[in-house]
Structure formats: structure tokens, C-alpha cells
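# Architecture and fold: a report
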Amino acid sequence: MPRAAIPFMLSGWQFLIGGITLVCAGRLVGGHVAPSGPAALGVLLYLGFLSAAAYGLWSVLLSHNPVSRVTIFGFMNPVFGVLLSALLLGEVPAAGPVRIAVALALISLGVIVVNRVPAKRV
């Protein structure tokens, strides 16, 4: 098995075993999984695949890069969350567009500063 496939295998098994465990625990306390139709089942499977792929890619990045350089990209989650909710859902942030723009710029600047390669001193 190629070395790059191991993180994907681990993520896949983790999601499978964790999902089965949670479904069984939910059934024991009276819950049920009942998607309302084929579209709902498709969305459920898509979200499961998307999560597994994201964690697999994250693991691959961590195996090839220092942790400090990879984890800083987690701070981009609010940036994409605000931008995508505005673009796809038409939401308007309660904090106001100027504050949001400044916050997003500062987060992006922080990611750039952390990942910048320092100049060599002579």
C-alpha cells in the first residue's frame, strides 16, 4: 500500500466505525436514521464523503509539512464561512461589512505572516 493512502484509510475506518457506533448508541436510546427521500440520503452520503476526504487531505498535509504551517489554515474557516454565506445564501453579517472586511483581512494577513519564509541573514 502506498504511504500516501494510509491517512485516507485511517480516516475512512475512523468515520465508518465512529458512525456505526453513534447509530447503535442512538438506536439504543430510541433514535432512528430516516432520510426523507433519495435526495436526503444523497446529501447525507455526500457530507460523509466530504468530511472523510477533508480529514484525509488534512492528514496528508500534516505528514509532509510542519504542524505550525498547516494548522494556521484552520483560521480560514470563518473567512470562507462568511464569504460563502454571503455569496450562496445572501446573508448580511450583523457586525457590518466594514468590520467583517477588516476581520477577514487580519485573519488572511496572519496566515500569510505565519507561512512566510524568513529571509536568510548573512
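The coordinates are above.
Conventions and cut-offs
- Residues numbered from 1 in each chain as written.
- Predicted model: local features only at pLDDT ≥ 70, side-chain atom pairs only at ≥ 80, totals over all residues.
- Heavy atoms only, no water.
- Helix = DSSP H or I, 4+ residues; strand = E, 2+ residues; numbered from the N terminus.
- Buried < 20%, exposed > 50% of the residue type's maximum accessible area, 1.4 Å probe, protein only.
- Contact = heavy atoms within 4.5 Å.
- Areas by Shrake-Rupley, 256 points an atom, 1.4 Å probe, with all protein chains shown as cover.
- Core = buried A, V, L, I, M, F, W, Y, C linked by side-chain atoms within 4.5 Å.

A count of helical and extended segments in the chain gives five helices and zero strands. Secondary structure elements of the chain, listed N to C terminal, follow the sequence α-α-α-α-α. In terms of overall dimensions, the chain has a C-alpha envelope of 65 × 45 × 25 Å along the principal axes. Put simply, the chain has 122 residues, and 13% of those count as buried. Pairs at least 24 apart in sequence give 71% of the contacts found in the chain among residues at least 6 apart. When the accessible surface of the chain is summed, it comes to about 9700 Å², and 75% of that surface belongs to carbon and sulfur atoms.

Attention shifts here to the nonpolar core. Formed by I72, M76, V79, I100, L104 and V111, the largest nonpolar core amounts to six residues. Here this core takes three residues from helix α5 (residues 97–115), the largest share from any one element. Sequence-distant contacts of I100, defined by excluding residues within four places in its chain, comprise V82, P93 and A95.

Everything listed is a geometric property; what it means functionally is a separate question.
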